[in-house]
Amino acid sequence: RILPGTENSETGAVDSFFIETQLHKLNGKNVHCPKKINRPCPICDYIRALWATEQDDKIAEAREIKAKKRFYMNVIARERIVQNETTGKEEIVKNDGPLIYSCGVKVFERILRDMVKDKIGDITNLQTGFDFRIEKEMQLSGYPGYDSSESEDETSVAGTKKEIEEWMNNLNDLNSLVNFKD
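Keep in mind it's a predicted model, so treat the numbers as computed, not measured.

Peer 1: Please give an account of the pattern of salt bridges that cites residues and values.
Peer 2: Opposite charge on two side chains makes pairing possible when the charged atoms of those side chains draw close. Under the defined criterion, the tally for this structure stands at 11 salt bridges. Between Asp131 and Arg78 there is a salt bridge whose closest N-O contact spans 3.0 Å. With Asp131 in the loop between helix 3 (105-115) and strand 5 (132-133) and Arg78 in strand 3 (residues 68-83), this pair connects stretches of sequence that are 53 residues apart. Using a relative accessible area of 15% as the deciding quantity, one classes Asp131 as buried. Taking the relative accessible area as the measure of exposure, Arg78 reaches 25% and is therefore partly exposed. Beyond isolated ion pairs, a larger network of salt bridges with shared partners links Arg133, Glu135, Glu150 and Glu152.

Below, the structure is given as structure tokens:
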């Protein structure tokens, strides 16, 4: 279940349920692209220089490190398998969270499609929202596909009054996830 953003106690405005960033992948590490906050990005400059060479190997490198959009949101996992720290055995945990969910453009577009195109409304509403089910299928290309991911057909209350209060009091600070390095 995707949780709503936090409410500003002074203004009453509700923050967005997600934050967006762009990540370069370098040497197995993610680096946030400072262009997202209108600062120069030496990695993007390097990518442009690689493209300008018109050499296939340089263009392949440029594609590999090009910034890709990511979206972070607070969610409740309706059911997930975790390893018990004491026994080492796997067990099923229900209504676990809030957890941070990170997704790419395809899944995020499916979430927005359900909210806008299919006109089901605010799926993050804790009383009348929808659970969103992630379906990951491996494609022949070797990359995962998420075409079957969608909102459940019926609205539902996210949890008990106590669960909802606990979740909303413990939302992760999504903005703290995006750190721009010099």
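Peer 1: Tell me what's going on with the packing of aromatic side chains, and back it up with residues and numbers.
Peer 2: Throughout the structure, instances matching the rule amount to 5 aromatic pairs. The interplanar angle of 5 degrees and the centroid separation of 3.9 Å between the aromatic rings of Phe71 and Phe108 together place this pair among those described as stacked. Taken together, the positions of Phe71 in strand 3 and Phe108 in helix 3 put the pair 37 residues apart, joining distant regions of the chain. According to the relative accessible area criterion, Phe71 is buried, its value standing at 5%. An aromatic cluster is defined as three or more aromatic residues linked by ring pairs; in this entry it consists of Phe17, Phe18, Phe71 and Phe108.

Peer 1: Explain helix 1 (residues 42-52) residue by residue, including any values.
Peer 2: Those residues of helix 1 not exposed but buried are Ile43, Cys44, Ile47 and Leu50. For helix 1, the arc enclosing every buried residue in end-on projection is 115 degrees, short of the 170-degree limit, so these residues lie on one face. Along helix 1, exposed side chains directed more than 90 degrees from the buried face belong to Pro42 and Ala52. In this structure, the buried side of helix 1 is in contact with strand 1 (18-26), strand 2 (29-32) and helix 2 (56-65).

Analysis parameters
Residues numbered from 1 in each chain as written. Predicted model: local features only at pLDDT ≥ 70, side-chain atom pairs only at ≥ 80, totals over all residues. Heavy atoms only, no water. Salt bridge = Lys/Arg side-chain N within 4 Å of Asp/Glu carboxyl O. Helix = DSSP H or I, 4+ residues; strand = E, 2+ residues; numbered from the N terminus. Buried < 20%, exposed > 50% of the residue type's maximum accessible area, 1.4 Å probe, protein only. Phe/Tyr/Trp six-rings, centres within 6.5 Å; stacked < 30°, edge-to-face > 60°. Arc of directions from axis to C-beta. Contact = heavy atoms within 4.5 Å.

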